[in-house]
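Observations on the three-dimensional arrangement
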There are 2 protein chains.
Amino acid sequence: MSNEKSFHMTPDEFRRHGHAVVDWIADYQSRIESFPVLSQVKPGEIRASLPADPPAKGVSFDAILGDVEKLILPGVTHWQSPNFFAYFPCNASGPGILGDLLSSGLGVQGMLWSTSPACTELETHVLDWLVRMLGLPDKFLSSLCKSGSAGGGVIQDTASSAALCALLAGRERATQYNSNKKGCDGRLVAYASTQTHSSLPKAAMIAGVGGDNLRLIEVDENFAMRPNALARQIEADKLAGLTPCFVCATVGTTSSNAMDPVAKIGEICRSHNLWLHVDAAMSGTAAVCPEFRHMHDGIDLADSYNFNPHKWMFTNFDCNCFWVADRKALIQTLTILPEYLRNQATESGTVIDYRDWHIQLGRRFRSLKLWFVIRHYGVEGLQHHIREHVRLAQQFADWVRKDDRFELAALAPLNLICFRHKAGDEANQAIMDRLNRSGDLFLTHTKLNGKLTLRLCVGQTNTQARHVENAWRRIKEEAGKP
Amino acid sequence: MSNEKSFHMTPDEFRRHGHAVVDWIADYQSRIESFPVLSQVKPGEIRASLPADPPAKGVSFDAILGDVEKLILPGVTHWQSPNFFAYFPCNASGPGILGDLLSSGLGVQGMLWSTSPACTELETHVLDWLVRMLGLPDKFLSSLCKSGSAGGGVIQDTASSAALCALLAGRERATQYNSNKKGCDGRLVAYASTQTHSSLPKAAMIAGVGGDNLRLIEVDENFAMRPNALARQIEADKLAGLTPCFVCATVGTTSSNAMDPVAKIGEICRSHNLWLHVDAAMSGTAAVCPEFRHMHDGIDLADSYNFNPHKWMFTNFDCNCFWVADRKALIQTLTILPEYLRNQATESGTVIDYRDWHIQLGRRFRSLKLWFVIRHYGVEGLQHHIREHVRLAQQFADWVRKDDRFELAALAPLNLICFRHKAGDEANQAIMDRLNRSGDLFLTHTKLNGKLTLRLCVGQTNTQARHVENAWRRIKEEAGKP
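About the criteria used
- Residues numbered from 1 in each chain as written.
- Chains lettered and ligands numbered in written order.
- Predicted model: local features only at pLDDT ≥ 70, side-chain atom pairs only at ≥ 80, totals over all residues.
- Heavy atoms only, no water.
- Helix = DSSP H or I, 4+ residues; strand = E, 2+ residues; numbered from the N terminus.
- Rg over C-alpha atoms; globule rule 2.2 N^0.38 Å.
- Buried < 20%, exposed > 50% of the residue type's maximum accessible area, 1.4 Å probe, protein only.
- Contact = heavy atoms within 4.5 Å.
- Lys, Arg positive; Asp, Glu negative; His and termini not counted.
- Charge placed at Lys NZ, Arg CZ, Asp CG, Glu CD.
- Least-squares fit on C-alpha atoms with pLDDT ≥ 70 in both.
- Salt bridge = Lys/Arg side-chain N within 4 Å of Asp/Glu carboxyl O.
- Axes fitted to C-alpha atoms, helices over the stretch in contact; angles between N-to-C directions.
- Parallel < 35°, antiparallel > 145°, perpendicular 65-115°, else oblique.
- Left-handed = near helix turned anticlockwise from the far one by under 90°.
- Nonpolar A, V, L, I, M, F, W, Y, C, P; charged D, E, K, R; others polar.
- Phe/Tyr/Trp six-rings, centres within 6.5 Å; stacked < 30°, edge-to-face > 60°.
- Lys NZ or Arg CZ within 6 Å of the ring centre and 35° of its normal.
- Expected span 1.5 Å × (residues − 1).
- Polar contact = N/O pair within 3.5 Å; in protein donor to acceptor, adjacent residues only side chain to side chain.
- Pairing = 2+ DSSP bridges.
- pLDDT = per-residue confidence, 0-100.

1. Let's talk about the overall build of chain A
- Looking only at helices and strands, chain A has 16 helices and 11 strands in total.
- The C-alpha radius of gyration of chain A comes to 24 Å, within 12% of the 23 Å expected for a compact globule of 482 residues.
- Summarising its shape, the C-alpha atoms of chain A cover approximately 75 × 60 × 45 Å along the three principal directions.
- A buried classification covers 67% of the 482 residues belonging to chain A.
- Pairs at least 24 apart in sequence give 73% of the contacts found in chain A among residues at least 6 apart.
- Across chain A, the mean location of the 51 positive side-chain charges is 2 Å away from that of the 51 negative side-chain charges.

Encoded structure:
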């Protein structure tokens, strides 16, 4: 084609090196259980192995890939190990990885409908599929959008960004879109439970509402928000001349998987005209199985809802699905188009410019990986694996219940089990530290009622019965040590 | 291993399907010039071709990949075509794509140092490399961080998010970290030029500062901010009892590639103790060539700086590099850790928890693709291609200058040429529409001094002399039509 000098990788070189990377990943998947789950390196160890200066000249791709094995892998904590039970899953799958690869290959920037219509329309379509798959209310469907007041869904990066967008929309609705123009006035108030995710205080700080003005409402004995306490706080704030604007209910808290009572909270929000956001970051995926949908009771009262396919639905990070009942409220909050440039096409749903649905302006073609995952598994396959994860977690809970030395520390409605050794904080810390140092599995902890509590979360794609059985065996083993 | 029922893709299936996707992308790269650059589909056309209901059962991977070709490709606007001259480049490359593939395969979530030390340390290291590669001031180096007051770099998703983080840090510094607690008070003021990117007004709205309180400072005949006008406005705002907190200077505006005078703006910021953020989203990449670094004169006065390797440095979206001179100011703004949990390890640089350096909490292993790109090309290769892009753009500018029917509409310091046909707006609109409809190339427009102006931006990875020559030939051809 040209004899111009070039350092670019040609399509044929890409083919060859691409096969090598795919092979590397396939091999990684096959040998993943041979690595310690939690990386064992010391701070600074990885940096120290890298050359101080950037390379003046390029090196071969084989050398780069070799360095991944040699220099990077020892510093990896293996989130894709079936023995990863920490935090929450961030699971991946073959179809998810390959959908994302295709997104990188197409290299599309979907800020506007016109900058790649397929990027926008596939996303809208797949998010409508998910409304059906999770049994969410019709008001979240884009396909029902005939006028500016209907809803729709968008892929965000994370639940943190979704919560921020929801808070902003609530802030603007409560101030008649005046905070956007004049700035916040120090009188806005928002609400979540004491068990809410740390992204909510962060969102309140970012949005100019202020961390102190996010009221953390007390919870009941199961760590779920007390609706009466919420109602009382709203009344008190209104009496004090403040402006309540937003409530976040959590369906499956990060700490203990507690389920806030969405229906009761929703009625309170409705009566005070507050934006209700429902955060189901991990647990939302369970709603693909009808038998778990009761956690969503009252969701028809929500203004926005989100869950993360990148947590428990085999779609690699990042992929958060966020729906609003009133797209106009979201767009009016986040658009940077002056009034005279807004048009019926974008607000009526003929065309969506997703740039106006989130914080960033640029965006990659993230719906591909979600589409790949849903089509590869089918609803049937997703249900099978989610049910199996819940079954394994419940089996673990039974083992804990039946062992006199241990106790459950919270309800365990789905795939997260909070438990502890009865000997107290020090013993639990020691058990966890020894397990994590062993590399055999990775657990994390939380505090519930002031007590250090171990968390075992089942959700990694390839976790099977034998991994959970081994986890329980190892926990008992470490608990038996002096 | 197990006879449990599974819908998962096995490592061997992943290997086979992964090779097929790699081959598809290599073929796509080879035939990309055969597609119309701008997708020619009508609104709703892609959605209409997709089944209304989600699939109950999974389908074969071959069927999914076949549907990409059949259903998705017609709706793709080909940002990776060498005939893409619109907006700004969002270029990709073989090493970038494969680095990102590896990130998906490892499936690491790098919110904390401990959740994957290599994810954090490679990022810190590569961002230090880039300080050297772009000739940025030492104060942005993480490796010099010995105490809580030193700087460092982080990968953000986009320049929009980086600008928001910078504004928030400026807001907090100006209010002694009180806005985070109590919310904004409606008295904060920020500054940018009339030519600033739309992400700045958006950031002012999100941050509770208010769009009206982002002062858009007038520009000179070259569309660069007038420092005197900035100084006057700050004085006036202070006299009015307001709280100036932040200035954004742009090095290469999106509209016309205008260069704000950073040194003069920096002196004004210094004298008023305002946070100075420098946005070099596209143009920053040019600084890998020493001869273009004059645009950074005065950068030593900046509190933060960012550029997008995903625009012009062959690293596929998303990848924004953001540096601060004082990491403590950024962390104190964005951390959700209560004071008593902050520790010397994170603030001194022994360990970085990047969760506290941006809006989101979760994050993928984005430094891998950047590391792959830098090592594949070497500094030499990057310089070669950036110089070549600038040379081709400058050659195009010469052709415009020498053609009586056309004129340049702005200085053209690098790779973006703003030009127009002298016959007026209607003629320019018609030329652009016909070119874009032809599919031969893709151009976009701006308004400068009230006149519709065409923009030709050279930066797609594979754009060569023949593509720019063809663009000029086609532009002249369409201009010659009645």
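Once the structure has been displayed, the description carries forward.
2. Examining the relation of the copies chain A and chain B
- When chain A is fitted to chain B, the best match, at an RMSD of 0.0 Å, comes from turning it 180 degrees and sliding it 0.0 Å along the axis. Taken together, the rotation and translation describe the operation of a two-fold axis.
- A share of 100% of interface residues in chain A that are also interface residues in chain B marks the association as one of identical surfaces.

3. Here's the deal with the side chain of Thr115(A)
- With respect to the helices and strands, Thr115(A) occurs in the loop between α4 (94–106) and α5 (117–134).
- A relative accessible area of 0% means that Thr115(A) is categorised as buried.
- Excluding residues within four positions of it along the chain, Thr115(A) makes contact with Val108(A), Gln109(A), Gly110(A), Thr77(B), Trp79(B) and Tyr87(B).

4. Re the pattern of salt bridges
All names here are of chain A.
- Considering all chains together, one arrives at 64 salt bridges over all chains under this definition.
- Residue Arg 391 is joined to Glu 388 by a salt bridge in which the shortest nitrogen-to-oxygen separation is 2.9 Å. Of this pair, Arg 391 and Glu 388 both sit in helix α14 (residues 367–402), three residues apart, which is roughly one turn of that helix.
- Residue class for Glu 388 comes out buried when judged on its relative accessible area of 16%.
- Among the charged side chains, a network of salt bridges with common partners joins Arg 434, Asp 440, Arg 473, Arg 474, Glu 477, Glu 478 and Lys 481.

5. Digging into the packing of helix α9 (residues 227–239) of chain B against helix α10 (residues 262–272) of chain B
Residue and element names in this part refer to chain B.
- Between α9 and α10, the least distance of the axes is 9 Å, while the angle of their chain directions is 20 degrees. Accordingly, the angle class assigned to the pair α9 and α10 is roughly parallel. Taken as a pair, α9 and α10 cross one another with a handedness that is right-handed. Taken together, the residues of α10 that come into contact with α9 (itself represented by Pro 227, Leu 230, Ala 231, Ile 234, Glu 235 and Lys 238) are Lys 264, Ile 265, Ile 268 and His 272.
- Among the residues making up the contact of α9 with α10, the classes are represented as six nonpolar, one polar and three charged.

6. Considering the packing of aromatic side chains
- In the structure shown here, the tally under the stated rule is 38 aromatic pairs over all chains.
- Ring centres 6.1 Å apart and planes at 55 degrees place the aromatic pair Trp371(A) and Phe372(A) in the tilted group.
- Under the relative-accessibility criterion, Trp371(A) is labelled buried at 2%.
- Among the residues examined, Phe372(A) registers a relative accessible area of 0% and is labelled buried.
- Between the aromatic rings of Trp79(B) and Tyr87(B), the centroid separation amounts to 5.8 Å while the plane-to-plane angle is 10 degrees, which identifies the pairing as stacked.
- Connected via pairs of aromatic rings, a cluster forms that spans Trp79(A), Phe84(A), Tyr87(A), Phe88(A) and Phe442(A).
- The ring of Trp24(A) carries the charged tip of Arg31(A) above its face, separated from the ring centre by 5.7 Å.

7. Here's the deal with helix α6 (residues 159–174) of chain B
- With 16 residues, α6(B) should reach 22 Å at 1.5 Å per residue; the first-to-last C-alpha distance of 22 Å fits that figure.
- Within two residues after α6(B), Gln176(B) carries a phi angle of roughly 50 degrees, on the positive side.

8. With respect to the interface of chain A and chain B
- Taken together, the contact between chain A and chain B spans 157 residues of the former and 157 residues of the latter.
- With a shortest N-O distance of 3.2 Å, Lys182(A) and Asp212(B) are connected by a salt bridge.
- Linking chain A to chain B there are 90 residue pairs in polar contact (both at pLDDT 80 or more).
- The biggest single contributor to the side of chain A that touches chain B is helix α1 (residues 11–31) of chain A, with 16 residues.

9. Observations concerning helix α16 (residues 465–479) of chain B
Residues and elements named next belong to chain B.
- The end-to-end C-alpha separation of α16 is 21 Å, in line with the 21 Å expected for 15 residues at 1.5 Å each.
- Of all the positions in α16, only Ala 465, His 467, Val 468, Ala 471, Trp 472, Arg 474, Ile 475, Glu 478 and Ala 479 are classed as buried.
- Contacts made by the buried residues of α16 are with α14 (367–402), β8 (406–408), β9 (416–421), α15 (425–438) and β11 (451–457).

10. Things to note about the environment of Phe292(A)
Residues and elements named next belong to chain A.
- Of note, Phe 292 is situated in the loop between β5 (275–279) and β6 (304–307).
- Taking the C-alpha atoms as reference, Phe 292 lies 27 Å from Leu 216; in sequence the two are 76 residues apart.
- Residues in contact with Phe 292, not counting those within four places in the same chain, are Ala 286, Val 390 and Leu 414.

11. What about the sheet that holds strand β9 (residues 416–421) of chain A?
All names here are of chain A.
- Spatially, the four strands line up as an open sheet ordered β8-β9-β11-β10, and their pairing is antiparallel. Whereas interior strands pair on both sides, the edge strands pair on one side only; in this sheet they are β8 (406–408) and β10 (444–448). On average, each strand axis in the sheet is inclined to that of its neighbour by 40 degrees, with strand direction left out of account.
- Where β8 and β9 come together, three bridges link them in antiparallel fashion.

12. Some details on the packing of helix α1 (residues 11–31) of chain B against helix α3 (residues 61–72) of chain B
All names here are of chain B.
- Across the interface, α1 lies against α3 with an axial gap of 11 Å and an inter-helix angle of 15 degrees. The orientation of α1 relative to α3 falls into the category roughly parallel. Classified by chirality, the crossing of α3 by α1 is right-handed. Along the contact surface, α1 presents His 17, Ala 20, Val 21, Trp 24 and Arg 31, while α3 presents Phe 61, Asp 62, Leu 65, Val 68 and Glu 69.

13. A few points about the sheet that holds strand β1 (residues 152–156) of chain A
All names here are of chain A.
- Ordered by their spatial adjacency, seven strands build an open sheet running β1-β7-β6-β5-β4-β2-β3, and the pairing between neighbours is mixed. In this open sheet, the two strands that pair with only one neighbour each are β1 and β3 (214–217). Averaged over all pairs of adjacent strands, the angle between strand axes in this sheet comes to 20 degrees, irrespective of strand direction.
- As paired strands, β1 and strand β7 (residues 320–324) are joined by five bridges and run antiparallel to one another. Following the sheet pairing, Ile 155 is matched in β7 by Cys 321.
- Packed on one face of the sheet, α5 meets β1, β6 and β7 and runs near 80 degrees to β7.

14. A look at the side chain of Arg364(B)
- Structurally, the position occupied by Arg364(B) is in the loop between α13 (344–348) and α14.
- Of note is the side chain of Arg364(B), whose polar atom sits 3.1 Å from the side chain of Asp100(A).
- Polar side-chain contacts of Arg364(B) include one of 3.5 Å to the side chain of Ser103(B).

15. Re the confidence of the model for chain A
- Residue-level pLDDT values for chain A average 95, and 96% of them are 70 or greater.
- Interface predicted TM-score (ipTM) for the complex: 0.96; the corresponding pTM is 0.97.

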